[in-house]
Amino acid sequence: MKSLIQYKSNNNVVYSCKYHVVWCPKYRRSVLINGVDERLKSIILEVAEETRSDVIEMEIMPDHVHLLVECDPQFGINKLIRMMKGRSSRYLRSEFPWLKSRIPSLWTNSYFVSTVGGTTLEVVKQYIENQKGV
């Protein structure tokens, strides 16, 4: 029987590490609108490409971000999210000056992360896709 899981590898690890990640702007303000959301998507994809991570699914809501991402366990999900949040905050606040007047910093210090193993990948993808309808 063929496995449905697609494995990746680096020099010394073969892995399949998928994570559901959610983070919010400071004070849960609805600031991911009016072009900020589209620019945020491109920044997230840029960081993912640089770190050889895969964004499987992404949904930007006005007040939070949902990602389904696969990354190298030696690189670490925390480092990936730190890079995504740091770069996006820096770029977005310089490109959209009105963000600086709305909130002191773009993101909260925290985020939610869950490994995708207790449920099927399709269920999590469907959940993230359906966030716009809620």
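Read on for a plain summary of the structure. (Residues numbered from 1 in each chain as written. Predicted model: local features only at pLDDT ≥ 70, side-chain atom pairs only at ≥ 80, totals over all residues. Heavy atoms only, no water.)

Turning our eyes to something else, we now look at the overall build of the protein. Secondary structure summary: the protein contains four helices and six strands in total. Ordered by position in the sequence, the α and β elements of the protein form the string β-β-β-α-β-β-α-α-β-α. Whereas a compact globule of 134 residues would reach a radius of gyration of roughly 14 Å, the protein reaches 16 Å, a difference of no more than 12%. With respect to the principal axes defined by its C-alpha atoms, the protein has extents near 55 × 35 × 20 Å. Charge-centre separation for the protein: the mean point of 19 positive side chains lies 8 Å from the mean point of 14 negative side chains. (Helix = DSSP H or I, 4+ residues; strand = E, 2+ residues; numbered from the N terminus. Rg over C-alpha atoms; globule rule 2.2 N^0.38 Å. Lys, Arg positive; Asp, Glu negative; His and termini not counted. Charge placed at Lys NZ, Arg CZ, Asp CG, Glu CD.)

As for its position among the elements, R28 is in the loop between β3 (18-23) and α1 (36-50). Judged by its relative accessible area of 44%, R28 is partly exposed. The sequence separation of R28 and H64 amounts to 36 residues, and the corresponding C-alpha distance is 7.3 Å. Not counting residues up to four positions away in its chain, the partners in contact with R28 are D63 and H64. (Buried < 20%, exposed > 50% of the residue type's maximum accessible area, 1.4 Å probe, protein only. Contact = heavy atoms within 4.5 Å.)

We now examine unusual backbone geometry. For residues besides glycine, phi is generally negative; the peptide bonds are generally trans as well. Even without being glycine, Y27 reaches a positive phi, approximately 60 degrees. Summarising the element assignment, Y27 is placed in the loop between β3 and α1. The phi angle at R52 is positive, at roughly 55 degrees, despite the residue not being glycine. By the secondary structure assignment, R52 is in the loop between α1 and β4 (54-61). In this structure R52 comes out as exposed when scored by relative accessible area, which is 61%.

This part is about the side chain of R93. For R93, the position within the fold is in helix α2 (residues 77-95). Despite being buried, R93 has no salt bridge partner; E95 is the closest side chain of opposite charge, sitting 12 Å away. At 3.0 Å, the side chain of R93 and the backbone oxygen of P104 are in polar contact. What R93 contacts, discounting residues up to four positions off in sequence, is S88, L99, K100, I103, P104, S105 and L106. (Salt bridge = Lys/Arg side-chain N within 4 Å of Asp/Glu carboxyl O. Polar contact = N/O pair within 3.5 Å; in protein donor to acceptor, adjacent residues only side chain to side chain.)

Attention shifts here to the pairing of β3. With six of six residues buried, β3 is to be regarded as a mostly interior element. Residues K18, H20 and V22 of β3 are buried on one face, and the alternating residues Y19, V21 and W23, pointing to the opposite face, are buried as well. Bridging between β3 and strand β5 (residues 64-70) involves six bridges; their strand directions are antiparallel. Bridging across to β5, H20 finds its partner in L68. (Pairing = 2+ DSSP bridges.)

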